[in-house]
Protein chains: 2
Amino acid sequence: MASWKDNVRRVEPYVPGEQPKVQNIIKLNTNENPYPPAPGVEAALKAFASQDIDLLRKYPDPSASALIDTIAEYYGMDSDQVFVGVGSDDVLAMAFLTFFNSEKPILFPNISYSFYPVWAELYRIPYEKQPLTDDFKINPEDYYKDNGGVIFPNPNAPTALYMKLDAVEDIIRHNQDVVVIVDEAYIDFGGTSARDLVNKYENVLVVQTFSKSRSMAGMRIGYAFGSKALIKALNDVKFSFNSYTMNATSLVAGVEAVKDKEYFEEHCKMIVATRERAKERLTELGFTFPDSKANFIFAKQEKVPASVLFEELKKRNIFVRYFKQPVIDQYLRITIGTDDEMEQLFVALKEIIDGYSI
Amino acid sequence: MASWKDNVRRVEPYVPGEQPKVQNIIKLNTNENPYPPAPGVEAALKAFASQDIDLLRKYPDPSASALIDTIAEYYGMDSDQVFVGVGSDDVLAMAFLTFFNSEKPILFPNISYSFYPVWAELYRIPYEKQPLTDDFKINPEDYYKDNGGVIFPNPNAPTALYMKLDAVEDIIRHNQDVVVIVDEAYIDFGGTSARDLVNKYENVLVVQTFSKSRSMAGMRIGYAFGSKALIKALNDVKFSFNSYTMNATSLVAGVEAVKDKEYFEEHCKMIVATRERAKERLTELGFTFPDSKANFIFAKQEKVPASVLFEELKKRNIFVRYFKQPVIDQYLRITIGTDDEMEQLFVALKEIIDGYSI
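Thresholds applied
Residues numbered from 1 in each chain as written. Chains lettered and ligands numbered in written order. Predicted model: local features only at pLDDT ≥ 70, side-chain atom pairs only at ≥ 80, totals over all residues. Helix = DSSP H or I, 4+ residues; strand = E, 2+ residues; numbered from the N terminus. Rg over C-alpha atoms; globule rule 2.2 N^0.38 Å. Buried ≥ 20, exposed ≤ 12 C-beta atoms within 10 Å, placed from the backbone. Contact = placed C-beta atoms within 7 Å. Least-squares fit on C-alpha atoms with pLDDT ≥ 70 in both. Nonpolar A, V, L, I, M, F, W, Y, C, P; charged D, E, K, R; others polar. Expected span 1.5 Å × (residues − 1). Arc of directions from axis to C-beta. Domains from an automatic or database assignment. Pairing = 2+ DSSP bridges. Axes fitted to C-alpha atoms, helices over the stretch in contact; angles between N-to-C directions. Core = buried A, V, L, I, M, F, W, Y, C linked by C-beta atoms within 7 Å. Parallel < 35°, antiparallel > 145°, perpendicular 65-115°, else oblique. Left-handed = near helix turned anticlockwise from the far one by under 90°.

Caption draft 1: Molecular detail of the overall build of chain A. Helix and strand counts for chain A stand at 10 helices and 13 strands. Expected size for 358 residues packed as a compact globule is a radius of gyration near 21 Å; at 21 Å, chain A falls within 12% of this value. Projected onto the principal axes, the alpha-carbon positions of chain A cover approximately 60 × 55 × 55 Å. Every one of the 358 residues in chain A was classed for burial, and the buried ones make up 55%. In chain A, the share of contacts with a sequence separation of at least 24, taken over all contacts with a separation of at least 6, comes to 73%.

Caption draft 2: Focus on the relation of the copies chain A and chain B. Each copy of the sequence occupies a distinct position, and chain A is placed on chain B by a rotation of 180° and an axial shift of 0.0 Å, giving an RMSD of 0.0 Å. What the rotation and shift describe, once combined, is the action of a two-fold rotation axis. When each C-alpha of chain A is compared by its distance to the rotation axis, Lys46(A) comes out closest, at 2.9 Å. The fraction of interface residues of chain A whose copies in chain B are also interface residues reaches 100%, indicating that both copies meet through the same surface.

Caption draft 3: Spotlight on the interface of chain A and chain B. Each side of the interface is counted separately: chain A has 73 residues, and chain B has 73 residues. Counting only elements with at least two residues in the side of chain A that touches chain B, the list comes to helix H1 (39-51), helix H3 (87-99), helix H4 (115-122), helix H6 (228-238) and helix H7 (248-259) of chain A. Tallied by class, residues from the side of chain A that touches chain B come to 37 nonpolar, 22 polar and 14 charged.

Caption draft 4: Inspection of helix H10 (residues 339-355) of chain A at higher detail. Residue and element names in this part refer to chain A. For H10, spanning 17 residues, the distance from its first C-alpha to its last is 24 Å, which sits close to the expected 24 Å at 1.5 Å a residue. Taken residue by residue, H10 has Met342, Leu345, Leu349 and Ile352 as its buried positions. Across the axial projection of H10, the buried residues extend over an arc of 85°, all falling on one side. Looking at H10, the residues exposed on the side facing more than 90 degrees away from the buried face are Asp340, Val347, Glu351, Asp354 and Gly355. Those residues of H10 hidden inside the fold are in contact with strand S1 (26-27), helix H8 (261-284), helix H9 (306-315) and strand S11 (318-319).

Caption draft 5: Representation of the domain arrangement of chain A within the structure. All names here are of chain A. Assigned domains of chain A: these are domain 1 (26-35 + 262-355) and domain 2 (39-259). Distance between the C-alpha centres of domain 1 and domain 2: 26 Å. Only H8 and strand S10 (296-301) provide two or more residues apiece to the side of domain 1 that touches domain 2. Split into classes, the residues belonging to the side of domain 1 that touches domain 2 amount to 13 nonpolar, 4 polar and 4 charged.

Caption draft 6: The arrangement of unusual backbone geometry in detail. For the bond running from Ala157(A) to Pro158(A), omega is 5°, close enough to zero to count as cis. Following the sequence through the fold, Pro158(A) ends up in the loop between strand S5 (149-153) and helix H5 (165-173). Residue Pro155(B) follows Asn154(B) across a cis peptide bond; omega there is -5°. With respect to the helices and strands, Pro155(B) occurs in the loop between strand S5 (149-153) and helix H5 (165-173).

Caption draft 7: Just the sheet that holds strand S13 (residues 331-335) of chain A, in detail. Residue and element names in this part refer to chain A. Ordered by their spatial adjacency, 4 strands build an open sheet running S9-S10-S13-S12, and the pairing between neighbours is antiparallel. Looking at which strands have only one partner, the edges of the open sheet turn out to be strand S9 (287-288) and strand S12 (321-322). As paired elements, S10 and S13 share 5 bridges and run antiparallel to each other. Across the sheet, Lys300 pairs through a bridge with Tyr331, a residue of S13. Packing against the sheet, H8 makes contact with S9 and S10, and its axis sits at approximately 0° to S10.

Caption draft 8: Molecular detail of the pairing of strand S3 (residues 106-109) of chain A. Residues and elements named next belong to chain A. As judged from the 4 bridges shared by S3 and strand S4 (residues 127-130), these two strands associate in the parallel manner. When the sheet's bridge partners are listed, Ile106 is paired in S4 with Tyr127. Pairing of S3 with S5, which is carried by 2 bridges, proceeds in the parallel orientation. Directly across from Leu107, in S5, lies its bridge partner Val150.

Caption draft 9: Spatial organisation of the environment of Glu32(A). Here Glu32(A) is to be found in the loop between S1 and H1. Take Glu32(A): there are 23 C-beta atoms within 10 Å of it, and that puts it in the buried class. On a C-alpha basis, the gap between Glu32(A) and Ser357(A) in space is 33 Å, while along the polypeptide they are 325 residues apart. If we skip the residues at most four places from it in the chain, Glu32(A) touches Lys27(A), Ala217(A), Thr335(A), Arg57(B), Lys58(B) and Tyr59(B).

Caption draft 10: Representation of the nonpolar core within the structure. If you look at the biggest cluster of nonpolar residues, it comprises 243 residues, and the most contacted ones within it are Leu45(A), Ala95(A), Ala224(A), Leu45(B), Ala95(B) and Ala224(B). Not counting chain neighbours up to four residues away, the residues in contact with Leu45(A) comprise Thr249(A), Val252(A), Ala253(A), Leu45(B), Ala49(B) and Ile53(B).

Caption draft 11: How the structure looks around the packing of helix H3 (residues 87-99) of chain B against helix H4 (residues 115-122) of chain B. Residue and element names in this part refer to chain B. Orientation of H3 relative to H4, taken along the N-to-C sense of each, is 45°, at an axis distance of 10 Å. Classified by the angle their axes make, H3 and H4 are oblique. Between H3 and H4 the crossing geometry is right-handed. Every residue of H4 that contacts H3 at Asp89, Leu92, Ala93 and Phe96 is listed here: Phe115, Trp119 and Ala120. Across the contact of H3 with H4, the residue classes tally to 6 nonpolar, no polar and 1 charged.

Caption draft 12: Quick peek at the environment of Ser193(B). All names here are of chain B. Within the fold, Ser193 resides in the loop between strand S6 (180-183) and strand S7 (204-209). Taking the number of C-beta atoms within 10 Å as the measure of exposure, Ser193 has 18 and is therefore partly exposed. Expressed as a C-alpha distance, the spacing of Ser193 and Val207, which sit 14 residues apart in the sequence, is 9.9 Å. Excluding anything up to four places from it in sequence, Ser193 contacts Glu184, Ile187 and Val206.

Caption draft 13: Main features of the packing of H3(B) against helix H6 (residues 228-238) of chain B. All names here are of chain B. Between H3 and H6, the shortest axis-to-axis distance is 9 Å and the interhelical angle comes to 100°. Regarding the angle of H3 to H6, the classification is roughly perpendicular. Side by side, H3 and H6 meet where Met94, Ala95, Leu97 and Thr98 of the first sit next to Ala233, Leu234, Val237 and Lys238 of the second. Across the contact of H3 with H6, the residue classes break down as 6 nonpolar, 1 polar and 1 charged.

Caption draft 14: Looking closely at the environment of Ala299(A). Residue and element names in this part refer to chain A. Residue placement: Ala299 occurs in strand S10. Spatially, the C-alpha atom of Ala299 lies 34 Å from that of Gly226, the residues being 73 residues apart in sequence. Those residues in contact with Ala299, other than ones at most four positions away along the chain, are Leu282, Phe287, Thr288, Phe289, Tyr331, Leu332 and Ile334.

Structure (structure tokens):
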């Protein structure tokens with residue numbers, strides 16, 4: 001083997017959900033929003049393409065201040081309490097690199113966003129997974145021990161289970177010597193954000209995204225709230241990595257997506273309503289699931305193995321997510337689509353379940 | 001001090017050139033292209049905004065294959081020899097993290113892109129700067145010693161000096177045990193790319209960008225050519241960092257920017273012609289400079305200190321780049337603008353120089 005290979009960082013990359021290139025599929029596998037972005041986004045991109053194309057020859061604003069100011073104003077924060085990145089994955093990757101430099105292990109749930117151990121391995125951060133309870137709950141007491149940092153999603157993924165704010169604060173209170181990251185990718189579908197806690201605790205970072213509730217996965221925008229001290233540290237690392245992470249179109253589109261409060265709230269409500277109906281229908285179809293406050297449901301059928309359902313749905317051009325791993329390999333993670341898409345899913349599921357024999 | 005701060009990565013971030021928000025300035029400070037992107041870019045973004053806005057709700061293609069295939073085809077490479085990122089800074093940052101994991105120091109020129117030591121510090125990579133000759137040349141023999149990796153720009157920045165391909169290959173040939181990165185941000189303005197050497201040497205990564213010659217700094221697109229083994233290692237790290245780095249608009253705009261060969265070549269020629277005229281005019285104004293093959297000139301005036309020229313130009317709304325650091329603090333880095341912009345620069349310079357008294 002050529003010896004330059006000795007110096008290559010060896011990693012086991014995260015595998016994202018499939019993005020099939022075929023048309024006319026029902027895509028319920030990557031927790032995308034079934035509705036288009038706010039109308040202002042289309043208008044802003046049209047205006048940019050017509051009037052501002054010459055701006056592309058220049059570097060974008062490295063501080064992304066138009067977007068940061070808009071997010072800060074919307075949520076009643078100061079601009080120096082807000083950080084933005086290329087999706088919440090970019091924000092989280094920077095946060096791991098910035099804050100998790102202890103020799104003690106960082107802590108996160110054993111069933112959780114599968115990117116956490118990947119970032120830890122990438123940056124050689126020691127970590128220790130904390131088991132969920134049998135009913136998939138995070139037990140705050142598991143996070144009382146000495147550690148190098150804490151991260152958990154709320155609601156958790158792929159379980160969709162939401163933890164109440166007093167339990168989140170309990171974990172934070174017991175971890176005043178490390179940075180605690182609350183990953184709120186799915187918070188807008190019924191949970192209460194820990195956002196306000198960043199004013200109370202200097203060591204808390206709350207990460208959110210435009211990819212789910214704001215229908216902008218394709219634009220790659222994530223953001224974080226934190227104390228000025230945390231946001232400054234994050235920016236120092238960001239400016240040591242890439243001065244200009246947010247491109248010109250993501251900045252204009254992002255601003256418009258935030259501004260339209262009515263569209264945002266209305267479409268979150270629609271998804272929640274579809275999800276609540278889906279809970280009833282899935283129960284009728286013999287599924288059980290932890291109660292979801294996210295835009296997906298993590299469900300297990302009493303009779304048919306998840307792997308069979310996954311493959312049979314795929315044959316019918318319906319994509320859901322299946323994790324072939326211990327404890328959760330009988331579950332499917334089903335994104336909430338439109339009512340029409342969900343109806344087609346239920347019809348297909350009924351057909352598969354009725355036709356199944358061991 | 002709160003003890004969570006003990007675990008924060010301490011860095012000295014790179015400081016990009018100013019992006020002044022005022023209008024009607026002559027901006028010759030960040031080596032941007034004075035001409036707009038290829039017309040196809042505008043058309044593609046308009047079409048995207050009109051017809052494909054719904055795509056934004058979905059994640060973009062994580063493999064960026066449309067863009068990668070287009071770049072590969074244009075340059076006669078295989079797609080698995082091409083990597084793309086959010087500007088060449090993103091590509092270079094990933095490359096440092098991926099390839100420079102030796103305990104031996106990496107080598108780069110002492111006067112060079114000032115992001116190199118920043119990435120090295122960020123990832124705690126040992127490094128050793130190699131002095132340029134008195135006339136700012138890279139001496140290949142300085143790179144014969146034992147090391148953990150080699151990186152240099154060609155043409156170099158901020159000197160604009162180009163090194164011939166046989167000297168580049170000489171450095172590569174003497175460094176077969178480490179990865180050698182040739183940073184070709186400015187190669188399209190008159191140099192010969194080391195691109196073909198990636199077919200001859202498995203350990204060579206050649207990095208280029210859309211930010212300069214393709215007028216797309218605002219879109220954040222950089223790319224690299226390498227052997228399949230190098231590109232796979234880079235992708236593994238990229239997919240351990242952020243699955244979806246390139247947003248939907250950058251993918252469509254990038255494809256169109258590459259496709260228009262005629263526009264690209266014509267505008268590179270225009271910049272080269274303006275640069276050659278600028279060399280004459282600057283000489284008349286009492287400047288000396290290393291010969292430039294880039295879209296900027298690194299010039300020193302015989303009488304007036306660079307800091308004075310910098311400040312006086314700024315008062316006249318003309319921005320150039322000044323590096324307040326040893327050896328080069330008598331130089332200005334002047335980006336090549338349009339002929340008209342350059343004319344205004346020369347008039348201002350003449351006025352400042354004529355009016356200067358010690």
